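Take a look at the letters that make up each chain.
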Amino acid sequence: MPKSQVRRDQFGGLLRTLRLERRLTQEELAEAAGSSVRGIREMERGRVRSPQRRTVVLLADALRLAGADRDRFVALARVERQPHDRAAVPDNRVAVPGDRAEVPHDRVQVPHDRPAVVVPGELPAAVPDLAGRAEILERLAALADDITAGRPDTASVVVLHGPPGIGKTSLAVVAGHRLSPAFAGGQLFVDLQGASPDGPVDPADALAGLLRSLGVPDSRVPVSPAERGGLFRTLTRDRPLLVVLDNAASEAQVRPLLPAGRGCLALVTCRRPLTGLAGAVRLPLDLLAPAAGRLLLAAIVGADRIAAEPVAADQLVKLCGRLPLAVRIAGNRLASRPQWSVGWLVDLLRDQRRRLTVLTAGDLGVRSAFEVSYRQLEPMVARVFRRASLIPGTDFEPALVAAVAGTGEEAAAAALEELVEAGVLLTVGDRYQFHDLVRLYAQERLDAEEQQACRTGAHDQMVGWLLRRTRQAGLMFEPVACRADSPFDDDRAAAYWLDRESGNWLAALRDAARRGRHADVVAVTRALHWYSDANSHRHSWDEIFSLGVAAAGAAGSPRDEAVLLNFLGWARYFCRDRNTDGLAALARALELARRIEDRREEAWALTYTAAILIRVGRGGSAIDHCRRAMRLFREIGYALGEHSAASALGGALAALGRFSEAAELHRDVLAFYVQGNGLSRTGAAVARAGAMMSLGADLAGMGRWRNAADEYARARRVFNRCGATFSEAIAIHRYGLALQELGEVDAAAEALRAALALYAALSCPWWEAQTLSALAALAGSAPGRAADARLLRQRALDRCGELDAPEVRTLRATLRRELAES
C-alpha cells in the first residue's frame, strides 16, 4: 500500500495486537515503556497521530520487538508523523515533548503553525533589600556567562550552604531573577523541605512537579521515578533552564532533579555543603559584615532612623549575631514600632534570656529556625549539642566536648560533624564553635530537657577535666618534667594545647576559684609558671597568679602563697610594666619566705626584686640583692636559680657601666643554659636566648655594635622558633637600635617597624612608645621628614598614656620637649 494511503489507526491497531499477544495490560505496558496509561490508550485508539520516535523506541523495547517486526512497527509510526498528517495545535493547548499529547495551558499562546513550548517562571518574589552578598552574586553572574557562552568544563550546579537564618533562599531567589535573562527556557523553583519536621520531599514527587511545570500533563507523567528522571533529563537537554532547588536535604534528593543540558544552571540551597555532589561549586554563606547589617536595617527601617542612632544600630547588628534572619526580624520590629528607638530594642536584646523571644516577628522567628534542625537530631547528638553550650570559650575540640557530654572522644567527634552538617555548629579550622544565637538556643534546650543535677554534674565534669589537662600541660615545662601519664608528647604539644584552649581553661580556673576549689587552683597556677616564661604576654598572668595567691591564702598554705607571690611579682613588672605593684608583691613574698624559712623562695624574691631595681635605676641595690640570692641558691644546691640570679647580677653591673664584668657573667650563664641542665626543650632555648640578649646589651655598652647586632639576631631566631613573641619583639627592637648606631638607617627602620607591629599585637604600650620614639629619631635625621617625626612622637606620647614609672616619666618629658621644639 502506498504511504499516502496508510490508515491513521494502523499503528494503533498494531500496538494493541502486539500488547495483547504478550498478555500485557495497558498499565503494564505503560510502566515498562515509561509512558502513561492514557497515552497508551490514546495511541491504540488512533487519537495520537504523531508519537515521538523516543516513545516508539521505548514501546518497541517494552514489547521486545526485533528484526523485521521492529522495523515495521517503527516505520508505521514514522508514516503517521508525516507533515500532511499533523493537526494544528489549538491556541490554548501545548504539545508535550515525548508523545505530542495536547495539554491545556492557559499561560502560553501557541501559534497554529508549530507546537508550543512551556516557559515556566516560578521564582518567588525577590526581597528588595538583600545586603552583603554582592561578591557571591558576581560569581554567579560570571558562571552564568560561562554557561551561555558554552565554555567547556563550566560547573552547572551551585550549592549555597550555611546555617539556619543565613539567607540562603533569599540569595538564591534574588540571583535567579538577576540571571533569568540568560536562561530563556524558563526558571523552575522547588521547595524540597529538607528541614521540614514532616520530612523532605520525595525526589519522585519533586520530579513529577518539575515535569508538570514543563508542560507534561498528569496523565503523561511516568510512574517510575527512574523514568520520570529520564524524561526530565530529556526535556532539559536542549533548553537553557535555571532550576532553584531550595532547602535540600541530601545529595540523593538533589541528584535526580538536576537538569541535563549544558546550558542549564541549578542553584541548590542547603544547610549542608552536599559534598557528595560531584562537580558542584560550593559557596558558603558567611555572617553579614557590620556595614552590610546596617544597610539591611536601613533598607527595612529607613536610612534616616538608622543614621540618627549609629552606635545603637551597630550594637543591634552585633546582638543579632550578624545573622541575616535576626537582623531582618529586628528591622521588622522597629518598622512596626515607629515609636521605638533603636536603643530601646538594643536594651531588650541585651537580656540573653529573652533575646530569642524578642527576635520574633509574625511568622518569622530565630528560635523556630533552629528548632527545625534540632528536632531532627539523634538523641546522643542532641545531648552533645545541649551540653556543648556549657563550654565557656568561643571554640572547642572534641576531647572537651566528650568530657562535658559524658561520651567517648570518637563519638563526640562524630556528633560534632553531624551538628556541622545540620547547620547548627560552625567550624574554625579543626575546631568547632556556636553562633551566638544558636548557643542561646542550645542553653534553652539544656535547661528545658535536663535536670539541674545533670547540668551541674556535666559542668563540674568539664571544669575538672580542664583543670587536670591544664596542670598536665604546664608540668611539661618543669625543669624535670614528669611525662609518665601525660597526654602530651612534649612541651611543644603542651604549649599548642594551652594556647588553643586558653579561653576554656582560664574560665575553668576562674570558676574553680569562685567555688572554693583552692587546692585545684593552687596546683594549676603553680604548674603554669615555666610555661609563662616562654609566653609572657600571651595570657593574663597577673590575674592567673593573683587567683593562685588568693587560693593559697584561703587554703592556709604559706609555702604555696610565697611561691605564687613571686610569680605574681614577676607578672606585674615583666608582663604589665607595673614596677611598683611588682615590688609590693615581691616584698610580701620575701617576708613570708623568711618567716617560714623557705630559702629558695627568699632567693627568688630577691632575684625578681633586683630585676625591677635595675629597671628603675637602682643598680647598686640590685647588685646586693643578686649576690644574696646567689648565696642562698648555692646553699641549697639549686644551680638553675643561682645562674638566674647571676644573669640578673650581670644586668645590674651593666646598668652601672661595668660591661666587661657583665659580659663575663653572661657568657658563663649562656654556657650553663647550652647544657640544658634539666630544663625542658623550650625552657632551655628561651633561657639561652635570654642570655644572648644580655650579652648583646653588654657588647652594645662597650660600643661593639656589630657583635651586639649579631647576638640580637641569634636570639630573635630562637625566640621565634619557641613562639616567645614578646621576647622576639625585644630582640628585633634592640637589633634595630644596633643597626641605627651602625648607620644602616633603612634596615634599622625596617626592624623597628617589625618590632612595633609585634608590640601592638601584644598590646604593650610602653614598648610601643619606646619603638615609636626611636622611629621618630630616625625620621627626624632624614631631610624633609620633620612632619613624620612629629607624628611618630605624638603617637609615642599617646602610648605612654597613664603609665607611671621613672623611665616612662623620662620618655614622656623628652617627647614633650621634642614636640615643643619641632
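The structure displayed is predicted, hence computed values, not measured ones.

Visitor: Can you lay out the sheet that holds strand β6 (residues 265–270) for me, pointing to particular residues and giving the numbers?
Guide: An order of β4-β5-β6-β3-β7 is seen for the five strands of this open sheet, with the pairing classed as parallel. On the outer flanks of this sheet lie β4 (187–191) and β7 (281–284), each paired with one strand and no other. On average, adjacent strands in this sheet sit at an angle of 15° to one another, irrespective of strand direction. In the packing of helix α7 (residues 168–179) onto the sheet, the strands contacted are β3 (157–161), β4, β5 (242–248) and β6, and the crossing angle to β6 comes to about 165°.

Visitor: Tell me about the pattern of salt bridges, and please be specific about residues and values.
Guide: Evaluation of the coordinates by the stated rule reveals 49 salt bridges. D542 is paired through a salt bridge with R572; the nearest N and O atoms lie 3.4 Å apart. A residue pair is termed long-range when its members are at least 10 positions apart, and D542 in helix α27 (residues 541–555) and R572 in helix α28 (residues 558–575) qualify at 30 residues. Taking the shortest distance from any N to any O, the salt bridge between R559 and D598 comes out at 2.9 Å. Residue R559 is located in helix α28, and its partner D598 is located in the loop between α29 (579–595) and α30 (599–615); the two are separated by 39 residues in the primary sequence. In this structure D598 comes out as buried when scored by relative accessible area, which is 9%.

Visitor: Can you explain the packing of helix α8 (residues 203–213) against helix α9 (residues 225–236)? Please cite residues and give values.
Guide: Relative placement of two packed helices is described by the angle separating their axes and the distance separating the axes. Contact pair α8 / α9: the axes reach a minimum separation of 9 Å and the direction vectors enclose 35°. As α8 packs across α9, the resulting crossing turns out to be left-handed. Residue-level inspection shows A204, D205, L207, A208, L210 and L211 of α8 in contact with α9, the latter providing P225, R228, G229, L231, F232 and L235. Here the residues of the contact of α8 with α9 are counted per class, giving nine nonpolar, one polar and two charged.

Visitor: Break down the nonpolar core for me, citing the residues and quoting the values.
Guide: Core analysis: the biggest nonpolar cluster contains 224 residues, and L316, F385 and F396 have the highest contact counts within it. Excluding anything up to four places from it in sequence, L316 contacts L297, A330, L334, V342, L345, V346 and L349.

Visitor: Now, about the environment of V401: what can you tell me, with residues and values included?
Guide: Examined against the element boundaries, V401 turns out to sit in helix α19 (residues 398–405). For the pair V401 and L416, spaced 15 residues apart in sequence, the C-alpha separation works out to 8.7 Å.

Visitor: Outline the packing of helix α39 (residues 786–800) against helix α40 (residues 806–821), listing residues and values.
Guide: Axis separation between α39 and α40 bottoms out at 10 Å; the angle between their running directions is 150°. Judged by the inter-axis angle, α39 sits roughly antiparallel to α40. Between α39 and α40 lies a crossing of left-handed hand. Along its contact with α39, which presents R790, R793, Q794, A796, L797 and C800, the element α40 presents V808, L811, R812, L815, R816, E818 and L819. Counted by class, the contact of α39 with α40 contains seven nonpolar, one polar and five charged residues.

Visitor: Describe the layout of surface pockets, and please don't skip the residues or the numbers.
Guide: In this structure, the second largest pocket spans a volume of roughly 800 Å³. Around the second largest pocket sit 29 residues that line it, and G165, T169, R271, L325 and A369 are the ones nearest its centre. Residue assignment for the lining of the second largest pocket shows that the elements contributing at least two residues are α7, β4, β5, α14 (324–336), β9 (364–365) and α17 (366–374). Class assignment for the residues of the lining of the second largest pocket results in 14 nonpolar, eight polar and seven charged.

Visitor: I'd love a proper account of α9, names of residues and values included.
Guide: One turn of an α-helix holds 3.6 residues; hence residues three or four places apart share an orientation. In a regular helix each residue adds 1.5 Å, so 12 residues correspond to 16 Å; α9 covers 16 Å between its end C-alpha atoms and thus fits that length. Burial in α9 covers these residues: R228, G229, G230, L231, F232, L235 and T236. At the N-terminal boundary of α9, the capping side chain belongs to S224, with an oxygen 3.2 Å from the backbone nitrogen of A226.

Visitor: Talk me through the packing of aromatic side chains; I want residue IDs and the actual numbers.
Guide: One pass over the structure, following the stated rule, counts 24 aromatic pairs. With a centroid separation of 5.5 Å and 70° between ring planes, the pair formed by F672 and Y673 is classed as edge-to-face. Site record: aromatic cluster; members linked through ring pairs are F370, Y374, F385, F396, F434 and Y441. Its end group placed over the ring of W340, R337 keeps NZ or CZ at 5.2 Å from the ring centre.

Visitor: Report on unusual backbone geometry, specifying residues and quantitative values.
Guide: One can expect most non-glycine residues to show negative phi and most peptide bonds to be in trans. Although it is not a glycine, D153 adopts a positive phi angle of roughly 65°. In this fold, D153 is placed in the loop between α6 (134–148) and β3. Judged by relative accessible area, D153 falls into the exposed class, the value being 82%. Non-glycine residue N247 carries a positive phi angle of around 60°. By the secondary structure assignment, N247 is in strand β5.

Visitor: An account of the side chain of N504 is requested, with residue identities and associated values reported.
Guide: Within the secondary structure, N504 is located in helix α24 (residues 502–514). In this structure N504 comes out as buried when scored by relative accessible area, which is 1%. Of note is the side chain of N504, whose polar atom sits 2.6 Å from the backbone nitrogen of G393. Polar side-chain contacts of N504 include one of 2.7 Å to the side chain of E501.

Visitor: Just give me the short version of the pairing of β5, but keep the residues and values in it.
Guide: Each regular strand shows side chains that alternate between the opposite faces of the sheet. Buried residues dominate β5, accounting for six of its seven residues. Pairing of β4 with β5, which is carried by five bridges, proceeds in the parallel orientation. Counterpart to V190 in the pairing with β5 is L245. Where β5 and β6 come together, five bridges link them in parallel fashion. Residue pairing for β6: V244 is matched across the bridge by L267.

About the criteria used
- Residues numbered from 1 in each chain as written.
- Predicted model: local features only at pLDDT ≥ 70, side-chain atom pairs only at ≥ 80, totals over all residues.
- Heavy atoms only, no water.
- Pairing = 2+ DSSP bridges.
- Helix = DSSP H or I, 4+ residues; strand = E, 2+ residues; numbered from the N terminus.
- Axes fitted to C-alpha atoms, helices over the stretch in contact; angles between N-to-C directions.
- Contact = heavy atoms within 4.5 Å.
- Salt bridge = Lys/Arg side-chain N within 4 Å of Asp/Glu carboxyl O.
- Buried < 20%, exposed > 50% of the residue type's maximum accessible area, 1.4 Å probe, protein only.
- Left-handed = near helix turned anticlockwise from the far one by under 90°.
- Nonpolar A, V, L, I, M, F, W, Y, C, P; charged D, E, K, R; others polar.
- Core = buried A, V, L, I, M, F, W, Y, C linked by side-chain atoms within 4.5 Å.
- Parallel < 35°, antiparallel > 145°, perpendicular 65-115°, else oblique.
- 1 Å grid on protein atoms, 1.4 Å probe; cavity = no way out; pocket = protein on both sides within 12 Å on 5 of 7 lines; lining within 4 Å.
- Points joined across faces, edges and corners; volume = space filled by probe spheres on them.
- Expected span 1.5 Å × (residues − 1).
- Polar contact = N/O pair within 3.5 Å; in protein donor to acceptor, adjacent residues only side chain to side chain.
- Phe/Tyr/Trp six-rings, centres within 6.5 Å; stacked < 30°, edge-to-face > 60°.
- Lys NZ or Arg CZ within 6 Å of the ring centre and 35° of its normal.

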